[in-house]
Structures are given as C-alpha cells and as structure tokens.
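# A look at the structure
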Amino acid sequence: MSEGPVVVVGASLAGLRAVESARKTGYAGRLLLVGAEEHLPYDRPPLSKAFLDPGEDPAVPHHRTEEELRALDVELRLGVPATSLDTDAREIVLGGDEQLRYDRLVIATGARARQLPGEQLDGVHTLRTVEDARSIRRALDGGCRMVVVGGGFIGSEVASAARKRDVDVTILEAAPLPLVRAVGEQMAAACADLHARNGTELRCGVSVTGLEGEDCVEGVALSDGSILPADLVVVGIGADPVTDWLTDSGLQVEDGVVCDETLRAAPEVYAAGDVARWHNPLFGRMMRLEHWTSAAEQGAAAARNALAPAEATPYSTVPYFWSDWYSDKLQMVGITAADEVTVIGDLDDTRWLALYRQEDLLVGALALNMPGKIMKYRAMIGRGSAWQDALAFAGR
Amino acid sequence: MRIVLDENKCSSLGMCESVAPDFFEVGDDGALKLLNPTPPGGRRALMEEAVAACPTSALSIEE
Ligand SMILES: Cc1cc2nc3c(=O)[nH]c(=O)nc-3n(C[C@H](O)[C@H](O)[C@H](O)COP(=O)(O)OP(=O)(O)OC[C@H]3O[C@@H](n4cnc5c(N)ncnc54)[C@H](O)[C@@H]3O)c2cc1C
Ligand code: SF4
C-alpha cells in the first residue's frame, strides 16, 4: 500500500468520491483534496433544476458537511487551483508557487462551460457553478426577457425553470435540431417537441453573431440579420474538460485526459469524471462522459486502482443520465450510435420509450416519463442482450 | 440492518435498482419499492453501494 500522500485535484463529485474511496480501501496515510472553488464539494444537477425555483434563496447543495470530511481525515485545500503537474518529480504546483509532492494522484478537474466568443456583458451567463446559478436566479426573480443559446440539456432545463415562473424564453440552436449527439437524429425531434408543448420558442438553424448592449446585454444579434431583445442570456453551448494546467505534464490530453480502462493516465496518475477520456470495455471504445453517475463511480474506482495498481480493475459502464424538462423526466441509458431506433408508444403522448439497435444488440434506450422501465433496459444493455429480447420485453 | 428511504428526496432515478435489482425497484408510477427493507448482513457491501449510487441521498442504512 502507498505511503502517501494521496492527492486528489478537483473537489467536486469525482474528487469527493475519490477521497471517500481511498479511506474505504483502508488507506490511512496523508490525503489531500485540492479544489479551485472556495466551496466544499457540492452537487451540480440541482443548479439547473430546483435551485432556480421561485422562493427563498436556496442553500449551496453540499454533498457533505465539513465535519463529515474532517472525520475522513482529509486535508482540504479549497480556493487554490493546481497550476501544473510534473509526473517525473511526482509533484504538482498549487496557486503558481506551492509545490506539493504526491505518491498517487487523482485528476478530477471536471469541465468548464464554453463561453460565447467576444466581450462579456452583464446579464450573460453560463451555468456551471453555484455563483452562476445564483446570478441566473436573481435575474429570473427580477423578471426578464430571456434567451437561451444552445438547445442542449442545460439550456433546456434553464428554459423549463423560466417557464415555471412564466418568463418568456426563446432557445436558439445553431444546428437543424438540438441534442442530436446526445439522443441521436431520430429522437432529437421528439425531445425538441417538448419545448413547443410547454410554450418555449425553439429556433433552430440560427447562430448568434453578436451581443447588443453597452454594459448590460440588451439583445442578441442573429445570423439571419434579426436582433432578439433580451436582458438575460444563458449560454449552454457545451463544456470543455479542464486540462490547461496539464500542458507540460507529459500526459496525453485529447479532449480530456486519456486513460486506459483502469482510468490510469500514467504511472501513479489516474483521472475520473468529466475530465477523463477512458476506454470503456463494455463498448470497446474511448469515451468521455459528462454524467453524474459515471463521475461518482469513476472517482471511487480511480482512487481504488491508484492505491492498488497491481489489482486494478477496469471501469466499465452503461452510460446513464437524466434531465428534468418542465414536468417531464427524460432518461437515457447506453449509446445512440445505432442502426435502428424503434419507438414504443406514441411520441405525441406524455410517455414513450425508444430503443436503439446496433447489429443484433440493444445498445441504448431513451425514455420520457417511464422511470419504472429504464433501469431494466440498462441492465439488459450491460448483459449484452439481444435486440429481439429487448423488443419482447417491451411487448413487441 | 434496515434500508430507509426518504420519499421526499427520491426522484425515481433508479440508480439503486441498477446496483441491486433484487432489493430496489422503481414502479411505473415512479415510486420506489423496497423489495426487502431488511437485507441480510452478508449484503452490506452491496447496500452501501446502492446508497452511494443515489444522486439525491434518499437512501440510508439503519442498524
Ligand atoms: C447545471 C448542471 C446540471 C447538470 N445536470 C445533470 C443531470 O441532470 N444528470 C446528470 O447525469 N448529470 C448532470 N450534470 C453533470 C454532472 O454534474 C457532472 O457530470 C459532474 O459534476 C462531474 O463531476 P466532476 O467531479 O467530474 O467535475 P466537476 O463537477 O466539473 O468538478 C470539477 C472541480 O474541479 C475544480 N477544478 C478545476 N480545475 C482545477 C484545478 N486546476 N485545480 C483544482 N481544482 C480544479 C473545479 O473548480 C470543480 O470544482 C449537470 C451539470 C451541470 C453543470
Ligand atoms: S437512486 Fe435514489 S432517487 Fe433514485 S430511485 Fe433510488 S432512492 Fe430514488
């Protein structure tokens, strides 16, 4: 077992699960959790959901209290970013000037929201942190004309939150349909339709050419020449893995820290969560997920493997995420690269299920308001179930 | 050991079912059913995994 110290960089979901897992394996040495944010680890999914609901300002959705973390004997270094990594010297630098040696390192620096190019105006927000969510809340409380740039999950959830408060909102999507990468071509239209059902205008095939306004945003200029008035703009155009601090580390970085199937990036260095691109043995391919479940599981697995590399086990998973739109719940399991998609039920209905086939296997499932079924399909995908069996289970 | 569910926190995401389908099942109405609220001691590790898998911390173990 390692003498330590074990250092985890990134104090969010994956990092938290890494330190908890390190202790669970019996590691008793020095354990540090380094985070760029001032906060104790907190949960992000609520930020685009319940956190935006009208009413009292909600508390930060912390995963654990400070006492709970102290009980694990974790040294917290919050509010300081790691600024570089030297894998030969087994050393990271904190805040530009403090060297910290590690015996094992877990990288869990997550992702950061992509910004629109150009100057930043007041009233324009991305949504990744609790500060972002507070700013958006405040703007919604004040009443506003709202434009969401990007028809992905976060943009759609923020639009849902706005509609709950009767704020008018327009979603702009540059592609002909939103969410094509996330749910596949066939199902993207069915998801987009949920916006129309709930009174949100979705405009596809238009891109933003600029923002109008002096200090505060007043409008969004579009590629068709028109200007959409707005005093709140939420930009949801995706996130990039946070790897800038790894530039001179010698690690392979290609849209994430490249890892093998045990989440190992280099000797003694492992990665987990939104920042990790690893080989998922279940699908035989490299993946980088931005999902709660895999971030939590990878954090635990990375620390376990880092502490016992000789017994390292592969991390394989059927990807899973959920998203709350209006009063609807969307759940997706597996992958969307499919030869065929079969819809069970009626897409005009308030619940439906879509199954994704690759060759003769079930590889994915997307459900609207069918929480009782989705995990059964997830289990089937994990077992490598035949397409015919999935159809039979669905009553086809 | 006893599994305790906080129904106000559960949002029917089904991760617990994914980990331990013999103990948890989300119904079609979204309500979580505890199939065996008092699992045998030998299943502790699995139960701990199911509790940790819940994104809303709706599950806990009582002795
Ligand atoms: C608004 C929102 C809603 C979401 N909703 C859902 C959902 O409904 N379902 C779902 O499955 N997933 C959802 N997700 C995704 C999920 O939250 C992420 O997959 C998860 O947070 C990833 O955890 P992580 O620990 O890998 O990274 P992150 O949560 O991104 O955390 C990384 C941490 O590392 C810190 N950091 C970065 N660089 C450094 C550095 N150099 N030194 C030190 N610290 C650093 C960051 O400040 C951050 O605190 C949502 C995400 C957001 C933002
Ligand atoms: S994982 Fe949690 S939220 Fe999901 S069904 Fe189980 S108890 Fe409910």
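In this convention, every chain numbers its residues from 1, walking through the sequence in written order. Whichever chain is written first is A, and whichever ligand is written first is 1; the rest continue in order. Only residues with pLDDT of 70 or above have their local features reported here, since the model is predicted, and side-chain atom pairs are shown and tallied only from 80 upward, although totals for entire chains, interfaces and linings are computed over all residues. Values reported for side chains reflect all heavy atoms of the structure, with hydrogen atoms and water molecules removed beforehand.

As annotated in an unreviewed UniProt entry, chain B carries the name Ferredoxin and is attributed to Blastococcus aggregatus. UniProt positions are given in the numbering used here, feature names are shortened, and annotations may be inferred rather than shown by experiment. Under Cofactor (unreviewed entry), UniProt gives the following word-for-word description of chain B: "[3Fe-4S] cluster". Quoted verbatim from the Function (unreviewed entry) field of the UniProt record, the comment on chain B reads "Ferredoxins are iron-sulfur proteins that transfer electrons in a wide variety of metabolic reactions."

Looking at an unreviewed UniProt entry, chain A carries the name NADPH-dependent 2,4-dienoyl-CoA reductase, sulfur reductase, with the source organism given as Blastococcus aggregatus. Word for word, the UniProt comment on chain A under Cofactor (unreviewed entry) is "FAD".

## What about the interface of chain A and chain B?
Contacts were defined at the residue level, with two residues in contact if any of their heavy atoms lie within 4.5 Å. Each partner contributes to the interface: chain A provides 17 residues, whereas chain B provides 17 residues. The junction of chain A with chain B conceals about 1300 Å² of combined surface from both sides, 48% of it contributed by carbon and sulfur atoms. Summed over both partners, the accessible surface that disappears when two parts come together, traced with a 1.4 Å probe, is what is meant by buried area. The largest contributions to the chain A side of the interface with chain B come from Pro371, Met375 and Lys376 of chain A, which together make up 32% of the buried area. In what follows, salt bridge is the name for a side-chain nitrogen of Lys or Arg lying within 4 Å of a carboxyl oxygen of Asp or Glu. For the interface between chain A and chain B, the tally reads four salt bridges. Counting residues per element, the ones that place at least two in the side of chain A that touches chain B are helix H1 (13–24), helix H7 (292–307), strand E23 (320–325), strand E24 (328–334) and helix H8 (371–383) of chain A. A total of six residues in the side of chain A that touches chain B trace back to one element, the largest contributor, which is H8 of chain A. Class assignment of the residues belonging to the side of chain A that touches chain B gives a composition of five nonpolar, three polar and nine charged. Note on conventions: DSSP H or I runs of at least 4 residues are helices, E runs of at least 2 residues are strands, and numbering of each starts at the N terminus. Each residue receives one of three labels: charged for Asp, Glu, Lys and Arg, nonpolar for Ala, Val, Leu, Ile, Met, Phe, Trp, Tyr, Cys and Pro, and polar for the others, Gly being one of them.

## Here's the deal with the site of ligand 2
All names here are of chain B. Throughout, the term near means that a residue has one or more heavy atoms lying within 4 Å of the molecule or strand in question. In the region of ligand 2, 14 residues are neighbours, and Cys10, Leu13, Gly14, Cys16 and Cys54 sit closest. Every definition here rests on a 1 Å grid over the protein atoms only: cavities are sets of points where a 1.4 Å probe fits but cannot get out, pockets are open sets enclosed by protein on both sides within 12 Å along at least five of seven lines, and lining residues have some atom within 4 Å of a point. The rule for placing a molecule in a cavity or pocket is simple: more than half of its atoms must lie within 2 Å of the grid points. When each cavity is represented as a set of grid points, ligand 2 is found to reside in the largest cavity. A class-by-class count of the residues in the shell around ligand 2 yields 10 nonpolar, four polar and no charged.

## Observations concerning the nonpolar core
Each nonpolar core is a collection of buried residues, namely Ala, Val, Leu, Ile, Met, Phe, Trp, Tyr and Cys, held together in the definition by side-chain atoms within 4.5 Å. Each residue's exposure class comes from its accessible area (1.4 Å probe, protein chains only) as a fraction of the maximum for that residue type: buried when under 20%, exposed when over 50%, partly exposed otherwise. Of all hydrophobic cores here, the largest spans 136 residues; its most connected members are Ile92, Ile107, Met146, Leu355 and Leu366 of chain A together with Phe24 of chain B. With eight residues, the single largest contributor to this core is H7 of chain A. Sequence-distant contacts of Leu355 of chain A, defined by excluding residues within four places in its chain, comprise Glu340, Val341, Thr342, Ile344, Leu362, Gly364, Ala365, Tyr377, Trp387, Ala390, Leu391 and Ala394 of chain A. Formed by 14 residues, the second largest nonpolar core is a distinct cluster that contains Leu121, Val147, Val217 and Leu228 of chain A.

## Quick notes on the domain arrangement of chain A
Residues and elements named next belong to chain A. Those domain boundaries reflect an automatic or database domain assignment. Once the domains are mapped, chain A shows domain 1 (6–112 + 239–311), domain 2 (115–232) and domain 3 (327–394). Here domain 1 and domain 3 have C-alpha centroids that lie 31 Å from each other. With five residues of domain 1 at the contact, the number on the domain 3 side is eight residues. For the pair domain 1 and domain 3, the summed buried area comes to about 390 Å², and 69% of that belongs to carbon and sulfur atoms. It is Leu282, Phe283 and Arg285 that lose the most area in domain 1 upon contact with domain 3, and together they represent 79% of the buried surface on that side. Here domain 1 and domain 3 share zero salt bridges between them. What qualifies as a polar contact is a pair of N or O atoms within 3.5 Å, subject to a donor-acceptor requirement within protein and to the restriction that residues adjacent in sequence count only when both atoms come from side chains. One can count zero residue pairs in polar contact (both at pLDDT 80 or more) joining domain 1 with domain 3. Tallied by class, residues from the side of domain 1 that touches domain 3 come to three nonpolar, one polar and one charged.

## Some details on the pattern of salt bridges
Residue and element names in this part refer to chain A. Evaluated as defined, the whole model comprises 31 salt bridges over all chains. Of the charged contacts in the structure, one is a salt bridge between Asp193 and Arg197, with a shortest N-O distance of 3.4 Å. Placement of both Asp193 and Arg197 in helix H6 (residues 185–197) is noted, with a separation of four residues, approximately one turn of the helix. Take Asp193: its relative accessible area is 31%, and that puts it in the partly exposed class. Judged by its relative accessible area of 34%, Arg197 is partly exposed. A salt bridge links Asp255 to Arg288; its shortest N-O distance comes to 3.3 Å. Taken together, the positions of Asp255 in the loop between strand E17 (239–241) and strand E18 (257–258) and Arg288 in the loop between strand E22 (285–287) and H7 put the pair 33 residues apart, joining distant regions of the chain. Asp255 gets classed as partly exposed once you look at its relative accessible area, which sits at 41%. By relative accessible area, which is 17% here, Arg288 ends up buried. Residues joined by salt bridges that share partners form a network here, namely Arg90, Asp103, Arg104 and Glu268.

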